[in-house]
Each structure stands twice: as C-alpha cells, then as structure tokens.
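Read off the chains here:
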Amino acid sequence: MSIALAIILSASAMTLIVGVRYLITSGAFAVATRVRHPGLYTGLDPQIRREIWWSLASAAIYGVPAGVVAWGWQNRGWTQVYTDVSAFPLWYLPVSVLLFLFVHDTWFYWTHRWMHRPKPFRVAHAVHHASRPPTAWAAMAFHPIEALTGAVVIPLLVFVIPIHVGALGLVLTIMTVMGVTNHMGWEIFPRFMWQGPMGTWLITASHHQRHHERYGCNYGLYFRFWDRLCRTDEGLGDFARDRARAAARRERRDADRRHSGGAA
Ligand SMILES: [Zn+2]
Ligand SMILES: [Zn+2]
C-alpha cells in the first residue's frame, strides 16, 4: 500500500473514531439528562440537530491531524508517546496527564479569549454560542476555524511532552467527558468538585454555564487558573434560568397540543 493511501486510511479511521466517540458520549449524557431532568431539552430539537452537524464536521477536523500523527507514530517512530511503562518513573504518569491538561487549558483560554473579540466571534465562535442554552450535543459544535484551533493541540503536544499511551487515553477521555458535561445544563459531579477548595480551581458545568450566560468571562477549559489570574473569573452560574425557560417551552408545547386537539 502506498504511503499516501495509508495516511488517508489512518485519517479516515480516526475521523470515524472521533465521530462515533462523540455520538456515544453525547448520546449517553443526553439520556442521563432525560432521566435526571426530564424535559430540559424540550423544544430544542432544531438546535440539537445543528449541534450534531457542526460536531460531526468538527470530528473530521479533529480526526485528520490525529490520524496522520497516529500513522507516523506507528510507522515512523514519530512523537514521544511511549508504551513501556518503565521507560519513565511512575510518578511521571500523573505529572504527564496534568501537564497535557494544563497546556491544553492554557491554549484554550487564550484562543477562546481571542475568539471573543468582535471579528473572530462573528466569523467563527458565534456558532458555538448559537446554542442557547447548550445541550450535551454541543460538546464539539464549533465552526471549522475554531475546530482547527482545538484539533492541533494534542497532535502537536505529543511531539514535545513524553506521555504513556494509556495516560494519553486518559487525557482524551477527560477532554471528551468535560466537553460534554460542561454543556449539559446541569451538574453531574459531586459538590466537592465544584464548590469548596477544589471547586475554586476546577471547571465543571456550573462554571462554563456562566460563560454561556455572560460571554465575557470564564474562558477556561479544565482549570480556573488563567481566569483567576487574569480576573476574568465571574464565579459559578446556576441553572435556574434555563430550567424556567425549559418549563415555559413545555407549557407552550402542551398548550399548542391542547389547542390543536380542541380544534380537531
Ligand atoms: Zn461552551
Ligand atoms: Zn465562548
């Protein structure tokens, strides 16, 4: 098989993996939402369809660089990804995960802040904020320009920071789960993770909720470090307004049904 074909196959396979991973993860958390907060997404079907289409387009943009680098790792010894767990001391495993998360968070914070400037917002980031309120399906609902800024981070980092393949899997899992749960419209994590000493540093749905309410604050991804340092942290949002709006949408829907039922 020619090298070009092998690279195209690897990129396509990775696109498929990212797309299916998105559908399974967002789907599972959307089901959890139905169980815990029935009716929270009532009336949002057209928005959810848009979120899914943008997310699947993003899956291709994430899949291609990841697929090319995965091919190079397997066939050309590219990257610093290692499989022998004794290649580095054991303490380095959690350190490498934290390093990846911190660098990703730093990149996200600054590119996200830049995307809130008027022009980049209009051209690219408005797509993500068109979800009002976001749902579990909005995790990858990005304009291609924004998707590209997110897609290059991990494929570049694996060339710079050594990481065990299992630790890399953990980083990708955290990335996926936080992307979905931060947009879900309710808090799935135990209170100690988002309130109290730990909550002052970690980002979960309550923190990102406020970003979607107020726009000009809470830009971070995993940690509140940059928001707090740069005074863009405006604390935690609550979900009362979105719940009240969902209840109003349900009432409208029920009234419409009664109305059309009565007219029939
Ligand atoms: Zn968001
Ligand atoms: Zn934003």
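Definitions and limits used
Residues numbered from 1 in each chain as written. Chains lettered and ligands numbered in written order. Predicted model: local features only at pLDDT ≥ 70, side-chain atom pairs only at ≥ 80, totals over all residues. UniProt positions renumbered as here; feature names shortened; annotations may be inferred. Helix = DSSP H or I, 4+ residues; strand = E, 2+ residues; numbered from the N terminus. Core = buried A, V, L, I, M, F, W, Y, C linked by C-beta atoms within 7 Å. Buried ≥ 20, exposed ≤ 12 C-beta atoms within 10 Å, placed from the backbone. Contact = placed C-beta atoms within 7 Å.

An unreviewed UniProt entry annotates the chain as Fatty acid hydroxylase superfamily protein of Sphingomonas mucosissima. UniProt's Subcellular location (unreviewed entry) comment on the chain is quoted here verbatim: "Membrane".

Participant: In this structure, what is going on with the UniProt feature "domain: Fatty acid hydroxylase" (unreviewed entry) in the chain? I would like to understand it.
Facilitator: In this structure's numbering, the residues bearing the UniProt feature "domain: Fatty acid hydroxylase" (unreviewed entry) are residues 97-232. Helix and strand shares over residues 97-232 are 64% and 1% respectively, and the end C-alpha atoms of the span are 25 Å apart.

Participant: Even after reading the chapter, I still don't get the UniProt feature "transmembrane region" (unreviewed entry) in the chain, so can you show me in this structure?
Facilitator: UniProt annotation of "transmembrane region" (unreviewed entry) refers to residues 6-31, 52-71 and 91-110 when read in the numbering used here. Secondary structure across residues 6-31 divides into 100% helix and 0% strand, with the first and last C-alpha atoms of the span separated by 37 Å. End-to-end, the C-alpha atoms of residues 52-71 are 28 Å apart, and along that stretch the chain is 100% helix and 0% strand.

Participant: Is there a simple way to think about the nonpolar core in this case?
Facilitator: If you look at the biggest cluster of nonpolar residues, it comprises 33 residues, and the most contacted ones within it are Tyr-62, Ala-136, Ala-139, Met-140, Ala-141 and Phe-142. Elements that contribute at least two residues to this core include exactly α1 (3-36), α2 (45-76), α5 (144-151), α6 (153-160) and α7 (165-181). Looking at this core element by element, the count peaks at nine residues for α2. Non-local contacts of Tyr-62, meaning those with residues more than four positions away in its chain, are made with Val-18, Ala-147 and Ala-151. With seven residues, the next largest nonpolar core counts Met-178, Ile-203, Tyr-219 and Leu-221 among its residues.

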